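Descriptive structure summary
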Amino acid sequence: MEPEDDLGVVDAELVDDGHLPATTIQPRPMSAPVVDRHTILYPGQGLPTEADQPTYTERDLYVSEQTAERLENQSAPKNTSANYASQRNKFAAWCVDEGRVCRPCTTATYVEYVVHLIELGRSPNAINTAMSAIRTWMPEDQKPGTRQARGILNEYKKTWAKRMAVRKAPPITDELLRAMVATCDLRTIAGRRDRCMLLLGRGALNRRIELADLSIADVAVDDDFVTLHIRSSKTDQEAKGEHTDIPAEDDPLLDPVAAVRDWLTALHHLGVREGAFFRALTSRGTLQNRAVAKERGDYVTGDAINDWVRSRAHKAGAKNWQQITAHGLRRGGAQAIAEAGGDPTKQGRWKPGSAVVKREYLDRAQSRAENPWLKVQAKRREKLM
């Protein structure tokens, strides 16, 4: 009979201590460190590992319907959005032709496309816009590198500057403005509209899209000033809004207060009391049917503003009328303010300290005022007296 202590013994395998079965080893998995070249550790801190990272669920990824709607509706200015969409479509078509992946694209594809645009003779500004449109189209963590493309573009800018003369819309001077306004027959609806457009564009140093976007509610008029509320602009992408005041003029022809009142009266007779301030008209002076203008509705485009300005320049007999645009109102007004010793920055809603204003208007006005030939002329006049 076996001893009582042996009753609990079961069949077992005898092994040497140094050769335990593999099934008995369950090593604990080590969490891999999660570091990159941006990791900063304080003294005493351990390496962060995968175990320290949060575990995301669908709850962390989905947004509500309200948020989704706002995300869909957020956009850059309409002109910028349309341009970006066009640039991305062109890039995608080029990638198809070249047998390349367009999204997300590689840095090599990005650089190759920049060279392609250079070979087509595109302007540096146009290429820069295309680069921005393409890069912002890529997923956040898969954007192409820009160093090589920027380097190539910078070199191209040097040759472009030598090859192409800088083309700028000529400024609309006081003399030309007077001639253009004089062509506006105030017995007609179009004449009242165009006089108002010219004087507001000049007085507020408006960009053409700022004029096109004006609503009736954005225009306030009293005896001494016209006040425009510019809801958004190139330097106000967050649409905080800015007010610009235009003082009345003694000359009835150039008085913005009278021009705004005349145009508001014309709108009232057309049955318009709200909505777009500047309206497209038929040759008979009635409102154009804007049913097909789905994007802008009753609001005209910046191109329409340009056409009105150019038409008035042509009627005024300007020799270079083909080159004149609405930007000439902005340039001419800023130039006049600077030459009178003022600073057009705030009136034209440029960024404070704008290099463009300093270079194009303030420095140029000072340079002209200090031109040595003016002293020669002054001395000549003294001798004649």
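Scroll up for the structure.
Position numbers for residues count from 1 along each chain, tracking the sequence in the order it is written. The predicted origin of the model limits local features to residues at a pLDDT of at least 70 and limits the giving and counting of side-chain atom pairs to 80 or more, whereas totals for whole chains, interfaces and linings rest on all residues. Hydrogens and water are ignored here; the side-chain numbers use all heavy atoms of the structure.

Description of empty space enclosed by the protein
Grid points spaced at 1 Å over the protein atoms alone were grouped into cavities, where a 1.4 Å probe fits but cannot get out, and pockets, open sets with protein on both sides within 12 Å along at least five of seven lines, with lining residues defined by an atom within 4 Å of a point. Grid points are joined across faces, edges and corners, and a volume is the space filled by probe spheres set on the points. Inspection of every chain in the model, using the stated rule, returns one cavity of 30 Å³ or more. Quantified by volume, the largest cavity comes out at close to 40 Å³. Contributing to the lining of the largest cavity are Gln335, Ala338, Glu339, Glu360, Tyr361, Arg364, Ala365 and Arg368. Only runs of H or I of at least four residues qualify as helices and only runs of E of at least two qualify as strands under DSSP, and these elements are numbered from the N terminus. Counting only elements with at least two residues in the lining of the largest cavity, the list comes to helix 11 (327–339) and helix 12 (355–369). The dominant element in the lining of the largest cavity, judged by the number of residues it contributes, is helix 12, at five residues. Per-class residue counts for the lining of the largest cavity are three nonpolar, one polar and four charged. Here the term charged refers only to Asp, Glu, Lys and Arg, the term nonpolar to Ala, Val, Leu, Ile, Met, Phe, Trp, Tyr, Cys and Pro, and the term polar to all other amino acids, Gly among them.

Some thoughts on the nonpolar core
Residues grouped as a nonpolar core are buried Ala, Val, Leu, Ile, Met, Phe, Trp, Tyr and Cys residues, joined through side-chain atoms within 4.5 Å. With a 1.4 Å probe rolled over the protein chains alone, any residue whose accessible area is under 20% of its type maximum counts as buried; one over 50% counts as exposed, and the rest are partly exposed. Judged by nonpolar contacts, the single largest core of 44 residues is most densely connected at Met197, Leu198, Leu200, Leu228, Phe277, Phe278 and Val309. Sorting the residues of this core by element identifies helix 6 (174–182), helix 7 (189–203), helix 8 (208–212), strand 2 (225–230), helix 9 (256–269) and helix 10 (302–315) as the ones contributing at least two each. Non-local contacts of Phe278, meaning those with residues more than four positions away in its chain, are made with Arg193, Cys196, Met197, Leu200, Leu211, Leu214, Trp263, Asp298, Val300 and Trp308. Of all hydrophobic cores here, the second largest spans 19 residues; its members include Cys95, Val111, Leu117 and Ile118. Contacts are assigned to residue pairs that have any heavy atoms within 4.5 Å of one another.

Concerning the sheet that holds strand 3 (residues 242–247)
Strand pairing within a sheet occurs via backbone hydrogen bonds; the two strands may be parallel or antiparallel. In this description, strands pair whenever DSSP reports at least two bridges between them. Spatially, three strands are ordered 1-2-3 in an open sheet, and the strand pairing comes out antiparallel. Only two strands of the sheet have a single partner each, and these edge strands are strand 1 (219–221) and strand 3. Within the sheet, the average angular offset between the axes of one strand and its neighbour, ignoring direction, is 20°. Judged from the three bridges that link them, strand 1 and strand 2 form a sheet pairing that is antiparallel. Considered in strand 2, the bridge of Ala220 is made with Thr227. In this analysis, axes come from line fits to C-alpha atoms, helices being fitted only over the stretch in contact, and the angle between any two N-to-C directions falls in the range 0 to 180 degrees. Most of the contacts of helix 9 go to strand 1, to which it runs at about 115°, and overall it touches strand 1, strand 2 and strand 3.

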